[in-house]
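An overview of the molecular structure
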Amino acid sequence: MLKSKTFVKKTRSGGVMKIVREHYLRDDIWCGSEACTECKQESTVLQKDACIESNLCSYPHYLIPDTNVVLHQIDVLEDPMIRNVIILQTVLQEVRHRSAPVYKRLKDIIHEKEKHFYTFTNEHRRETFIEREPGESANDRNDRAIRVAAKWYSQHLKMFESDTDGLKVVLLTNDQGNKQKAEESDLLVYKCEEYIKSLIANPELVDRLALSSDDKNEITSSKVLFPEHLPLSRIQAGIKSGSFLQGTFRASRDNYLEATVFVQGEGEDSTEVLIQGLQNLNRAVHQDVVAVQLLPRNQWVAPSSVVLQDEGTAKDDDVEEEEEEKAVTEAARKPTGKVVGIIKRNWRPFCGMLNVSQIKESTRHLFTPADRRIPRIRIETRQASTLAGQRIMVAIDGWPKHSRYPNGHFVRSLGGAGEKNTEEEVLLLEHDVPHQAFSQAVLSFLPKMPWAITPEDMVRREDLRHLTVCSVDPPGCTDIDDALHCRELENGNLEVGVHIADVSHFIRPGNALDKEAANRGTTVYLCGKRIDMVPELLSSNLCSLRSNVERLAFSCIWEMNHEAEILKTRFTKSVINSKASLTYAEAQMRIDDTTKNDDTTKSLRGLNKLAKILKRRRIEKGALTLSSLEVRFHMDSETHDPIDLQTKELMETNSMVEEFMLLANISVAQKIYDEFSECALLRKHPAPPPSNYDILLKAAKSKDVVIHTDSAKALADSLDVAKVDGFPYFNTLLRILATRCMMQAVYFCSGMDSDFHHYGLASPIYTHFTSPIRRYADIIVHRLLAVAIGADSTYPDLMDKHKQSALCNNLNYRHKMAQYAQRASVAFHTQLFFKSRGILNEEGFVLFVRKNAIIVLIPKFGLEGTVFFDGKDKTAPNLVYDEEISGVSVPAPDVGPQAKKPKLDQ
Amino acid sequence: MAGLELLSDQGYRLDGRKATELRKVQARMGVFAQADGSAYLEQGNTKALAVVYGPHEMRGSRSRTLHDRAVINCQYSMATFSTAERKRRPHGDRKSTEMSLHLKQTFEAAVMTQLYPRSQIDIYVKILQSDGGNYSVCVNAATLAVIDAGIPMRDYVCACTVGFVDETPLADLCYAEESGGVSSLALALLPRGGQIALLQMDARLHQDHLETLIEAAMTACKGVSKVLDEVVRQHLQEVSVLTGE
C-alpha cells in the first residue's frame, strides 16, 4: 500500500520548502516474538517466557518505553536485568534526533543478543501507521503512534494466549497525559519509576533512575542560591548584539571558585574570560558551552593564586569567598564576567566516591568526582553503606537554582576504591579511553587462523627474507612494529633498511575493524596493562615482527655512504624474516662485546655508527633534547603490584633505534607530501609563543643563568651550558621546565595548513610512519605511501582533506587523553608503592610557589605534589619555608634546592 | 551532521522499501493521438511524458542526414512545476542538454535505425514531477513511446539508478536518497541479451564495489522490463478489443 507524505520544511536560507515523500506501508514486518506463530519471521528476538519479577506485573511481558523514558532512563535500560524490550521505530528516530550519545548507547543495547531488544518498524507496518491529524503537534502524533503500536502488539499477542500464559505488553511513559490516554484505550501502562520500583528481585535498580523534574521539588530549600539562567532566545539575541560572549567553560583545577571561559574569536584570536565566585559561576560545569556577560571594568579581578578545594559541607559556602582580597595591581586584572546562561551542557557520567551522609537514615548523599574540576553531586541511594568505599559512576540530572550542588543519579559501581582494577577503570573512563573488548563485528574482519603468506600476497612485494633483519625494543614488548638491517654493498656504500609491520594489509579501509581503530586512535600503555588499538591477534601476532617467522612489512631502504649521507631512498612492501628480537640492553651488549662477530652484531654496529653521525647532525641543526621524568615500575610477577621503581635509563641503542625511526618518518613525510600535496597526513610541532618561556626564564634567573629562547638552536645551546656548581640536577630541572613551555605536537592534513615545521626535531616536515600497530595516524600514512608507490588502491576518504582533518582532530584528542591516562596510571602506581612504604625522606625541589602552597617535585619518584602551608595536620615543618616566602605576595620565581623536604604521606 | 539514515538496521529505507525493491511503476501508452507514439510513466513520485514523431524525412539541416540509418533526435525537458521550487528554464540548460545526449545514445543503441536510412526519429521527454531517477524514468517512458510508435527495437531499453550505502546497493533511488550523498549509478539495459546501452556515474566509488553495483542495477532493470512488458501487453489487448480483432 502506498501513502504519500507531504510536509513543509524550513530551508537553511530561511525559505519554506514543500517536501513530498513516498511512504510505503507493508504487511511483512514481523513482531519478533518467539511466541508468535503467525508472523513468518526467520529469527525471533523476544523470548517467550519474558519473566522479570514485579509487583505490578505478575505475568510475562514485553516493555515498550516511550521516547522520554529512553532518553532519560537509558542507564536503567542498560542494566542486564531489563530484557525483552520493544523499541519502536518512532522512538528510535526521535532519540536519534534529540541525542546522539543516547542513540549510540541504544543501538549498542539493541545489538547485544542477551538483552533481547527488538526494533519494530511500526511506521511502515500497515496497521500501526497513523497520519498526523489537523491541529495535532508532532509530539502528540508520535505519542499516539506509540500507543497504536502498543495496542497492536497487545492484540497481536492475545491471539496466542492459549499457548502462552498471558503474554502482555507494558507501555512505559512518564508523561501524565499520554498515560491517561493509554489507560483509556485499555493499555497496560506504568510510569517508569513505578515499574522499576515494583521489581522485586532488584531493588538497586531504583538508584539508577534519573530524577524527573517533579521529584526534585522535595529538595527545595527556601533560599535561592543562584540567579536564573536566561532563556535560549535571549542568549542568542545577546550573542548577536555582542553583549554576551559564547565560550567553553573550563573550571580551574586548583580553585573551585574560579573558572575561565574560553571564547573563540574570529580566525585565530581568542580570549579568556575569568569567572570568580559561586554566583558568577552560576551552575556551569566544566566543559559546558555557556554565555557570559563581561562585568564593568572596575570589577575586574586577577586570577587568584590560592589553591582551594571544596571541602565544605552544603552549608558553609559563603565562608571561602571572603578570603579573596582585592589588592591586586591593575596589570594583573583580567576580563572578568559572569555566566548568564547555558547553551549546551556537556555532562557525561563521572567517576568518583560517595561521601556518606552523617545522618544514618538519609538516602541523599554527596558524591565527590575524581576530576577536581567537577562539582560534587547530590544523589539518592539506599545502598550507601555498600557503596561507601567503592568507586562509582554518577550522572548529573539537573541543577536547580536553589540547590548548592547538582542532582544526579547512580549509574554503576566500578569496584572497591584503591583496588587496581577499579582505579584503572576509573582513569580510563575519566580520560575517555575506549577500552571495551572488541565487538564481534570488529573481530569478524580479522584474518582466519592459521594464517600464512599466500602467493597473491607476494605479487606486489619484495622478498627480503634473506636479509639479516633484527628488532630492538624494550623488555617485555610483544607488539614489535619496527625492525632494522644494515649491510655493506658491493660498491662500498651501506644499505640501511627500516621495516615496519604492514598493518594496512590487514586493516582495510572502511570496515568495522578500521573504524574501531580510527576511533581508538592509539594504543594506551598503562603500568602493567595495555589497551590495544587493534585486536591482539594483529598487535601481538600477525603484525608483530617477531624473530624467525615470516611477516609482511613495509620497508624504507636507503643507500648511504659512511658519512651517513643518503644517496638513494626507496620504499617497498616486503616480506621479512627477523633473525633476532633483542632488548635495548641485549643489543648494547652485543655491540660492546668485541668477541661477537655474527651478521646481526655487525649489522647493529653499522647502524650504531651511522646513528651517532645522524644524531650529531640533528643536534647541530637545533633539535632539542628535553627532559621529562618517566619512571618505570618493577612489578611483582604474581600480584602485579609495584615493588620498586626507577627513572627510565637511556642507552645508546635507544637512541640508535630512535634515530632511524626519525629518518624513516622524515623520508616518508617528504614522499607522501610530494605525491599528495593536498591530503598528506603530517605532524607538526609549532614554535611556542615567547610568553610561554616566562616560567623557564624566571627559574633560570633565580640562579643567575640566562636562557636564550629566540630559536630552537639558541635554546638548545643555552640549555647545554646552563649549569650551577654543586647542583647537578639544576640542568635537568630546567629541561623539565622547558618541556612544559612547549606546545603540543599535532597531526594535521597538509591541505589545511601552511606551517609544517617541527620545532622540537628541527625538521621542516615530519610524520608518523613507524608504529602502525599502536597509532592510527601511521596506518593512514602507510596507505598514502602504498598508493604513492602503486602497491595499493586508494579510496575516497583518503583523498578528502576535510575528512582527514576531522580524523586528525580525533587522533590529537585521543593522543592527549592517552598521555594523561598514562600519567595518571603512573601516579596511581606510585601511590600504591607508597602505601606499603610508610613515610620516607627524599630530596625534593620546589617547582612553583603559590600564595598558600608550593609545588614540589621529587625526582626519585617522578612525583609532583602540592604542599599547603596552612594544612590541618601539617604545621611545624612548613613554617620554616613560610618565613622565607612570606614577603612575596605574587608568585615569585624561586626554583632552587630546598633539600630534605618532608615527604607528603600520600 | 546527523543526516538521514538511508538504510536502517532492520533493512528498511526511508520510504519503507527494502534495498532491492523498486518503486511502484504505473504506465499508459498512447496518451496522445496527434503524435506517432506516446506514453506516460510514473515511477513513485517521478512522472514523465514521452512523445515520438517519425520516422520521417529529415527536417532542418539536411546535412545531418545519414545514408545508412536514421538520425535519432532527443530532447529532454523538465516542467517548471516539476520540482519543489519553480524552475526558471524548462530546457536548454547544461543538465538538460547532457540528459538529451544520454537519451540519444541510449536509443541509438536500441532502435534498429538501419531500417530507416535518410530519415529522422524525434523523441521528446518531459519530466512532470521529479523525485529522483529522472534519467531512468525518461528512458522507460521513451521505450514505451517508441513501441507505441511501432518503431522496431532490438529489445526494451530499461533503465534504473542504484546507489551504494553501507556496503549495500539500493535500487531505484528517490530524491532524498540521491541527494543524501550516495554514490549513484544509472544503467540502461537491453534485458534479454544483457547488453548495456548506457552506464553513467559521476560519483566516487571504489572499483571493488563496481561489480556488485552493476549486478544490482541489472537485476533492477530486469524488474522494470517485466513491468513494461506487462504494460505493453495490456495496451495491445485493449487496442485489439477496440479494433475488433
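Residues numbered from 1 in each chain as written. Chains lettered and ligands numbered in written order. Predicted model: local features only at pLDDT ≥ 70, side-chain atom pairs only at ≥ 80, totals over all residues. Heavy atoms only, no water.

What follows deals with the overall build of chain B. Summing up its helical and strand segments, chain B has 4 helices and 9 strands in all. N-terminal to C-terminal, the α/β element order of chain B is β-β-β-β-α-β-α-β-β-α-β-β-α. Here chain B, with 245 residues, has 50% of them falling under the buried criterion. Put simply, of all contacts in chain B between residues at least 6 apart along the chain, 69% involve residues at least 24 apart. Counting every atom, chain B has about 12100 Å² of accessible surface; 49% of that belongs to carbon and sulfur. (Helix = DSSP H or I, 4+ residues; strand = E, 2+ residues; numbered from the N terminus. Buried < 20%, exposed > 50% of the residue type's maximum accessible area, 1.4 Å probe, protein only. Contact = heavy atoms within 4.5 Å. Areas by Shrake-Rupley, 256 points an atom, 1.4 Å probe, with all protein chains shown as cover.)

Now for the overall build of chain A. Helices and strands together make up the secondary structure of chain A, namely 25 helices and 32 strands. Split into buried and exposed, the 906 residues of chain A put 51% on the buried side. A separation threshold of at least 6 residues defines the contact pool for chain A, and within that pool the share at least 24 residues apart is 67%. Of the accessible surface of chain A, which amounts to about 43100 Å², a share of 50% is contributed by carbon and sulfur atoms.

Attention now moves to the interface of chain B and chain A. Taken residue by residue, the interface counts 23 residues in chain B and 23 residues in chain A. Taken over both partners, the interface formed by chain B and chain A buries close to 2000 Å², and the fraction arising from carbon and sulfur atoms is 47%. A salt bridge links Lys107 of chain A to Glu5 of chain B; the nearest nitrogen and oxygen atoms lie 3.5 Å apart. Remark: the boundary between chain B and chain A carries 11 residue pairs in polar contact (both at pLDDT 80 or more). Its residues placed into classes, the side of chain B that touches chain A shows 5 nonpolar, 6 polar and 12 charged. (Buried area = accessible area lost by both parts, 1.4 Å probe. Salt bridge = Lys/Arg side-chain N within 4 Å of Asp/Glu carboxyl O. Polar contact = N/O pair within 3.5 Å; in protein donor to acceptor, adjacent residues only side chain to side chain. Nonpolar A, V, L, I, M, F, W, Y, C, P; charged D, E, K, R; others polar.)

Oppositely charged side chains can pair when the atoms bearing their charge come close. Applying the stated rule across the entire model yields 48 salt bridges over all chains. For Glu559 of chain A, the salt bridge goes to Lys568 of chain A, with nearest N and O atoms at 3.6 Å. Given a relative accessible area of 15%, Glu559 of chain A falls into the buried group. Assessed through its relative accessible area of 54%, Lys568 of chain A is described here as exposed. A salt bridge links Arg69 of chain B to Asp68 of chain B; the shortest N-O distance between them is 4.0 Å. It is possible to trace a salt-bridge network through shared partners that takes in Arg13, Asp15, Arg17 and Glu177 of chain B.

The next subject is the sheet that holds strand β17 (residues 407–416) of chain A. The strands that make up a sheet pair up through hydrogen bonds in the backbone, lying either parallel or antiparallel. Residue and element names in this part refer to chain A. Ordered in space as β13-β14-β15-β17-β16, the 5 strands form a closed barrel in which the pairing is mixed. With direction set aside, neighbouring strand axes in the sheet form an average angle of 55 degrees. Taken together, the 2 bridges between strand β15 (residues 377–380) and β17 define a ladder with parallel strand orientation. By the bridge assignment for β17, Arg378 is matched with Asn407. Running at roughly 135 degrees to β17, helix α12 (residues 420–430) makes contact with β13 (350–355), β16 (390–398) and β17 of the sheet. (Pairing = 2+ DSSP bridges. Axes fitted to C-alpha atoms, helices over the stretch in contact; angles between N-to-C directions.)

We now examine the sheet that holds strand β3 (residues 46–57) of chain B. Residues and elements named next belong to chain B. Spatially, the 5 strands line up as an open sheet ordered β1-β2-β3-β5-β4, and their pairing is mixed. The two strands at the open ends of the sheet, each matched to only one other strand, are β1 (25–29) and β4 (71–78). Strand-to-strand, the axes of this sheet are offset by a mean angle of 15 degrees, without reference to chain direction. Taken strand by strand, helix α1 (residues 94–110) contacts β4 and β5 (119–129), and its axis lies near 140 degrees from that of β4. On the sheet, helix α4 (residues 207–243) packs against β1 and β2 (37–43) and is oriented at approximately 35 degrees with respect to β1.

For helix α21 (residues 712–721) of chain A, the set of buried residues is Ala712, Ala714, Leu715, Ala716, Ser718 and Leu719 of chain A. Along its buried surface, α21 of chain A packs onto α20 (694–701) and α22 (730–741) of chain A.

Bringing the packing of aromatic side chains into the picture now. To describe a pair of aromatic rings, one takes the distance between the centres and the angle between the planes. Residue and element names in this part refer to chain A. For the structure shown, the criterion picks out 9 aromatic pairs over all chains. Taking the centre distance of 5.1 Å and the plane angle of 15 degrees together, the rings of Phe120 and Trp152 count as stacked. Here the residue Phe120 occupies a position in strand β5 (residues 117–120), and Trp152 occupies one in helix α5 (residues 138–158), the gap between them amounting to 32 residues. Taking 5.8 Å as the distance between ring centres and 75 degrees as the angle between the ring planes, the aromatic pair formed by Phe554 and Phe769 counts as edge-to-face. Here Phe554, found in strand β24 (residues 550–560), pairs with Phe769, found in the loop between β29 (746–749) and α23 (776–788); they are 215 residues apart in sequence, far enough to count as distant. In terms of burial, Phe554 and Phe769 fall into one category: buried. Three or more aromatic residues joined by ring pairs form one cluster here, namely Phe120, Trp152 and Tyr153. For Arg250, the ring lying beneath its charged end belongs to Phe262, and the centroid distance is 4.5 Å. (Phe/Tyr/Trp six-rings, centres within 6.5 Å; stacked < 30°, edge-to-face > 60°. Lys NZ or Arg CZ within 6 Å of the ring centre and 35° of its normal.)

Take the packing of α23 of chain A against helix α24 (residues 801–835) of chain A next. Residue and element names in this part refer to chain A. Contact pair α23 / α24: the axes reach a minimum separation of 10 Å and the direction vectors enclose 150 degrees. It follows from the interaxial angle that α23 and α24 lie roughly antiparallel. On α24, the residues touching Tyr776, Ala777 and Ile780 of α23 are Gln804, Leu807 and Leu811. Of the residues in the contact of α23 with α24, the class split is 5 nonpolar, 1 polar and no charged. (Parallel < 35°, antiparallel > 145°, perpendicular 65-115°, else oblique.)

What follows covers the confidence of the model for chain B. All names here are of chain B. Across chain B, pLDDT averages 91, with 98% of residues at or above 70. Of all helices and strands in chain B, the one with the weakest mean pLDDT is helix α3 (residues 175–178) (88), whereas helix α2 (residues 134–149) scores best (96). Reported confidence for the predicted complex is 0.88 by ipTM and 0.64 by pTM. (pLDDT = per-residue confidence, 0-100.)

What follows deals with the pairing of strand β25 (residues 566–583) of chain A. It is a general feature of regular strands that their side chains alternate between the two faces of the sheet. All names here are of chain A. By the bridge criterion, 2 bridges tie strand β18 (residues 462–463) to β25 in an arrangement that is parallel. Of the residues in β25, the one forming a bridge with Glu462 is Ser574. Pairing analysis gives 5 bridges linking strand β19 (residues 469–473) to β25, with the strands arranged parallel. The partner of Val469 across the bridge, within β25, is Ser578. Looking at chain direction, β24 and β25 are connected through 11 bridges and run antiparallel. For Ile557, the partnering residue across the bridge sits in β25 and is Arg570.

The next thing to look at is unusual backbone geometry. Cis geometry marks the peptide bond from Gly54 of chain B to Pro55 of chain B, where omega comes out at 0 degrees. Within the secondary structure, Pro55 of chain B is located in strand β3. Even without a glycine there, the phi angle at Gln287 of chain A is positive, about 80 degrees. Mapped onto the elements, Gln287 of chain A comes out in the loop between α10 (278–281) and β11 (289–294).

All names here are of chain A. One finds Leu538, Trp558, Met656, Phe660 and Tyr776 to be the most contacted residues of the largest nonpolar core, which totals 87 residues. The element contributing the most residues to this core is α23, with 10 residues. Inspection of this core shows a minimum of three residues originating in each of domain 4 (440–647) and domain 5 (665–825). Once residues lying within four places of it in the same chain are set aside, the contact partners of Phe660 are Leu484, Val496, Val498, Trp558, Met560, Leu607, Leu610, Ala611 and Leu614. (Core = buried A, V, L, I, M, F, W, Y, C linked by side-chain atoms within 4.5 Å. Domains from an automatic or database assignment.)

How two helices sit against one another is set out by the angle between their axes and by the gap between those axes. All names here are of chain A. Contact geometry for helix α17 (residues 584–592) and helix α19 (residues 652–675): axes closest at 8 Å, N-to-C directions at 100 degrees. One finds that α17 runs roughly perpendicular with respect to α19. Within the contact between the two elements, α17 uses Tyr584, Ala587, Gln588 and Ile591 and α19 uses Glu652, Thr653, Asn654 and Val657. Within the contact of α17 with α19, the residues separate by chemical class into 4 nonpolar, 3 polar and 1 charged.

Residues and elements named next belong to chain A. Put simply, chain A has an average pLDDT of 79, and 84% of its residues get 70 or more. Averaged over each element, pLDDT in chain A is lowest for helix α25 (residues 876–886) (38) and highest for strand β4 (residues 85–88) (92). Scored below 50 in pLDDT, residues 214–221 shows 12 contacts in the model against residues more than four places distant or in partner chains. When the criterion is pLDDT under 50, residues 872–906 qualifies, and its contacts beyond four places in sequence or with other chains add up to 56 contacts.

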